[in-house]
Amino acid sequence: MFKEEVIKLLEKETRLKREELINLIEIPPNPQLGDFAFPCFILSKKEKKAPNQIAEHFAKQIKPTKEIESIKATGPYLNFFINKKMAAEKILKINSNYGKSSLGKKHKVVIDFSAPNIGKPMHIGHIRSTILGDSLMRIYNFLNYDPIGINYLGDTGLHIGKLIVAYELWLDKQALKKDPVGELLRLYVKFCAEEKSKVEEGADADEEFTNNEWTDRAKDKLKLLELGDKKTHKIWEEIEKASGKGFDKVYDLLNVNFSETTGQSKFSQKGKDIVMIALEKGIARREADGAVYVQVDKTNPDSKKYILRSNQTASYITQDLGAAVERYKKYKFDKMIYVTDFRQSGHFSALFTILKTLGYDFTSKMNHLGFGTVKFGNEIIASRTGNIILLEDVLNKTVEKAKEEIKKRKTKGNPTKVGVGAVKYIILKNEPIKDVQFSWESALSFEGNTGPYLQYSYARASSIIKKAKNKNFNKGKVKLENLDNFEVALIKKISDFPEIVIQAGDKMNPALIANYSHELCQSFNEFYHNCPVLSDKDKMQEALRLRLVDSFRTTLQNALNLLGIETMEEM
Ligand code: ARG
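As a starting point, this report considers the structure included with it.

Definitions and limits used
- Residues numbered from 1 in each chain as written.
- Predicted model: local features only at pLDDT ≥ 70, side-chain atom pairs only at ≥ 80, totals over all residues.
- Heavy atoms only, no water.
- Helix = DSSP H or I, 4+ residues; strand = E, 2+ residues; numbered from the N terminus.
- Buried < 20%, exposed > 50% of the residue type's maximum accessible area, 1.4 Å probe, protein only.
- Contact = heavy atoms within 4.5 Å.
- Areas by Shrake-Rupley, 256 points an atom, 1.4 Å probe, with all protein chains shown as cover.
- Lys, Arg positive; Asp, Glu negative; His and termini not counted.
- Charge placed at Lys NZ, Arg CZ, Asp CG, Glu CD.
- Pairing = 2+ DSSP bridges.
- Axes fitted to C-alpha atoms, helices over the stretch in contact; angles between N-to-C directions.
- Near = heavy atom within 4 Å.
- Polar contact = N/O pair within 3.5 Å; in protein donor to acceptor, adjacent residues only side chain to side chain.
- Nonpolar A, V, L, I, M, F, W, Y, C, P; charged D, E, K, R; others polar.
- 1 Å grid on protein atoms, 1.4 Å probe; cavity = no way out; pocket = protein on both sides within 12 Å on 5 of 7 lines; lining within 4 Å.
- Points joined across faces, edges and corners; volume = space filled by probe spheres on them.
- Salt bridge = Lys/Arg side-chain N within 4 Å of Asp/Glu carboxyl O.
- Core = buried A, V, L, I, M, F, W, Y, C linked by side-chain atoms within 4.5 Å.
- Phe/Tyr/Trp six-rings, centres within 6.5 Å; stacked < 30°, edge-to-face > 60°.
- Lys NZ or Arg CZ within 6 Å of the ring centre and 35° of its normal.
- Expected span 1.5 Å × (residues − 1).

Some words on the overall build of the protein chain
At step 1: Within the protein chain, the secondary structure is distributed over 21 helices and 13 strands.
At step 2: Taken along the three principal axes of its C-alpha coordinates, the protein chain extends 80 × 60 × 40 Å.
At step 3: A burial count over the protein chain gives 55% of its 571 residues as buried.
At step 4: Put simply, of all contacts in the protein chain between residues at least 6 apart along the chain, 72% involve residues at least 24 apart.
At step 5: Looking at the protein chain as shown, the accessible area adds up to about 26300 Å², and 50% of this sits on carbon and sulfur atoms.
At step 6: Averaged over its 91 positive side-chain charges, the protein chain has a centre that lies 4 Å from the centre of its 76 negative ones.

Here is the structure:
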């Protein structure tokens, strides 16, 4: 709220845009210097003046307001001092709606996330999509958008053809009953070994590089499936049912929900219709073998993107063409976000280019949020395949380790909440595009920038409130004069929250909220170590501090909720 006011004042005077100012405004290293600072050297080239001069000029020009008490020039910086009493009054009044806004006006945001491939277990790449997508759903909802989460199951494609072949040859019915995910994985791995292709992690979508008689058998099965062959279809249904059970277990554990779960295969026909239109319009061409392609870069004849296989079956992009058009028809979205591994960025840029060339205006509303790899260092996780790290294994092992840690520390706390929170946090604190270095220590440590540290800070605040004798601290008078530096620092941090949520939505970046939560807890812990909260002597000061602790809890609770991380009253 105060930063917003600083931006407003600067917008008029500097004629810089809001978005630029958000990133330029700094927090001075020492609060004595001010609460916010604007570095004037940014303008010195344009204004042809020394930065110090510019700062002096602005300091005279910009008049203080109710929120911003005074504005001073210090060297090349223009420093702003907020009205501390007013800040405190505002922060003490917040409730569970704190940070919500009406900004989104119920505009629809479609988020395509998680999207595992049936028949294969979810791997660690899907975890990132699932956790990021779920957090975005929560953020947009909080900002009053109408988010629609779609789980676009990979229920067709060559891997399904492979599985059908394997199912017919090697299925162990008993095993399928006992451990459906495990048995399907065994079949898939066995097929890949015969075909001598790799069971790869990460960029799943375009996987058909091996080409031999085994591959041809898989392609034939896929063709039969698309033609509606009864026997093949029945096997496909069994595979879908078995793997759906496995996915649901993971979604329950992560507490992730979707508005819609629709398989890719539903869009094969629509996709093919679009391919025909592209051919008619001369946007696409047909090869001698029947495959259809679009040259996505006009200047580069090698930039062929195949949108229909030579045997006339739909491929990944065929279905995505159909799905995009159908989704726009159904939702008239204002924004659509695909959350996948960055290695699919070529796929999505081709998809957007083709749709745009076909004349679909909604293409400008589509975004690909590509994310980096989750890396496991030298730690070896026992996995059933050797080179794929399974999501379920990672989650179970983290919960197990959380249990050990809680026992070792002789603390309370729910291992599932701690373990799942730790995994979500280590994923979300990293900018999506960056790789995540995963280790049990770094995820589960109770100190540092980790999930457990944040949950622990929350529990600490709760226990202070519980210990207070004065249960009516929210009603009585509080002392607002002569605020301590640590109190002010915490008040300022809390007041940044609404702005951070807006930015996270704008930039599709939950890491902003994650790292903000960490700073918020640091600020709280400094306050806690330096300002005794409970006191029999100064009741008005105690009331102020208790209310600050309470406001901190509310803010952290809301922030963690946006990350899908649960809090505990005791830990
Ligand atoms: N199933 C794909 C995979 O596992 C991801 C699908 C993403 N969504 C989409 N509309 N293409 O790689």
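Some remarks on the sheet that holds strand β4 (residues 108–112)
At step 1: With parallel pairing, the five strands of this open sheet are ordered in space as β6-β5-β4-β10-β11. Because the sheet does not close on itself, it has two edges, and the strands there are β6 (260–261) and β11 (366–371).
At step 2: Strands in contact with helix α14 (residues 345–357) are β10 (335–341) and β11; relative to β11, the strand with the most contacts, it is inclined by about 175 degrees.

Comments concerning the site of the ligand
At step 1: Within the structure, the ligand sits among 13 residues, and D112, A115, N117, Y316 and D320 are positioned closest to it.
At step 2: A distance of 2.8 Å separates a nitrogen atom of the ligand from a polar backbone atom of A115.
At step 3: The contact in question runs from a nitrogen atom of the ligand to an N or O atom on the side chain of N117, over 2.8 Å.
At step 4: For the ligand, whose unbound accessible area comes to 350 Å², protein coverage reaches 96%.
At step 5: Elements that contribute at least two residues to the shell around the ligand include exactly α13 (316–331) and β10.
At step 6: Of the residues that constitute the shell around the ligand, the class distribution is six nonpolar, four polar and three charged.

Brief notes about empty space enclosed by the protein
At step 1: Summed over the entire model, instances satisfying the criterion amount to three cavities of 30 Å³ or more.
At step 2: Taken as a whole, the second largest cavity holds about 80 Å³ of empty space.
At step 3: Taken together, 10 residues make up the lining of the second largest cavity; nearest its centre are P121, M122, V181, V250 and E392.
At step 4: Elements supplying a minimum of two residues to the lining of the second largest cavity: α11 (230–254) and α15 (391–408).
At step 5: Residue contributions to the lining of the second largest cavity peak at three residues, all from α11.
At step 6: When grouped by side-chain class, the residues that make up the lining of the second largest cavity number seven nonpolar, one polar and two charged.

Considerations on the pattern of salt bridges
At step 1: Under the defined criterion, the tally for this structure stands at 34 salt bridges.
At step 2: For E168, the salt bridge is made with K221, and the minimal N-O distance between the two is 3.0 Å. One end of the pair, E168, is in helix α7 (residues 158–170); the other, K221, is in helix α10 (residues 213–226), and 53 residues separate them in sequence.
At step 3: By relative accessible area, K221 is classed as buried at 17%.
At step 4: In this structure, the salt-bridge partner of E226 is K272, at a minimum N-O distance of 3.0 Å. With E226 in helix α10 and K272 in helix α12 (residues 268–280), the pair connects residues that are 46 residues apart, well separated along the chain.

What about the environment of T130?
At step 1: For T130, the position within the fold is in helix α6 (residues 124–142).
At step 2: Considering only alpha carbons, one finds T130 and T340, 210 residues apart in sequence, at a separation of 9.3 Å.
At step 3: Contact partners of T130, with chain neighbours within four places excluded, come to F113, S114, Y251, L254 and V256.

With respect to the side chain of T232
At step 1: Mapped onto the secondary structure, T232 falls in helix α11.
At step 2: A polar atom in the side chain of T232 sits 2.4 Å from the side chain of D229.
At step 3: With near-sequence residues (within four places) excluded, T232 lies in contact with I164, K221, L224 and L225.

Some points on the nonpolar core
At step 1: By size, the foremost hydrophobic cluster in this structure holds 146 residues, and its most contacted members are F38 and F80.
At step 2: For this core, the element with the most residues is helix α21 (residues 539–563), which contributes 11 residues.
At step 3: Not counting the four nearest positions on each side in its chain, F80 is found in contact with V6, L9, L10, G34, D35, F36, F38, I68, S70 and I71.
At step 4: Core analysis: the second largest hydrophobic core is formed by 30 residues, I150, L321, Y331 and L355 among them.

Quick word on the packing of aromatic side chains
In this description, an aromatic ring pair is defined by two values, namely the gap between the centres and the angle between the planes.
At step 1: Scanning all chains against the criterion turns up 24 aromatic pairs.
At step 2: Look at Y328 and F333: their rings are 5.0 Å apart centre to centre, the planes differ by 80 degrees, and that puts the pair in the edge-to-face class.
At step 3: By relative accessible area, which is 1% here, F333 ends up buried.
At step 4: Taken together, a centroid distance of 5.2 Å and an interplanar angle of 40 degrees make the contact between F376 and F438 tilted. Of this pair, F376 sits in the loop between β12 (374–375) and α15 while F438 sits in the loop between β13 (436–437) and α17 (440–444), and the two are 62 residues apart along the sequence.
At step 5: For F438, a relative accessible area of 3% corresponds to the buried category.
At step 6: A network of ring pairs unites the aromatic residues Y98, F142, F497 and Y516 as a single cluster.
At step 7: Over the aromatic face of W214 sits the side chain of R217, whose NZ or CZ is 4.6 Å from the ring centroid.
At step 8: A cation over an aromatic ring shows up here: K304 above the ring of Y293, its NZ or CZ 4.6 Å from the ring centre.

Structural notes on the sheet that holds strand β8 (residues 292–295)
At step 1: The sheet built from three strands is open, its strands ordered β7-β8-β9 with antiparallel pairing. On the outer flanks of this sheet lie β7 (285–286) and β9 (304–308), each paired with one strand and no other.
At step 2: In this structure, β7 lies alongside β8, joined through two bridges in antiparallel fashion. Following the sheet pairing, R285 is matched in β8 by Y293.
At step 3: Strands in contact with α12 are β7, β8 and β9; relative to β9, the strand with the most contacts, it is inclined by about 125 degrees.

Some remarks on helix α18 (residues 451–467)
At step 1: Given a rise of 1.5 Å per residue, 17 residues ought to cover 24 Å, and the 25 Å separating the end C-alpha atoms of α18 matches this to within 8%.
At step 2: Counting buried residues in α18 gives 12 out of 17 residues, a clear majority hidden from the surface.
At step 3: Taken together, the buried positions of α18 are occupied by G451, P452, Y453, L454, Q455, S457, Y458, A459, A461, S462, I464 and I465.
At step 4: Here the buried face of α18 lies against α16 (415–428), α17, α20 (511–530) and α21.
At step 5: Between the side-chain oxygen at the start of α18 and the backbone nitrogen of Y453 there is a gap of 3.1 Å, and the oxygen is on T450.

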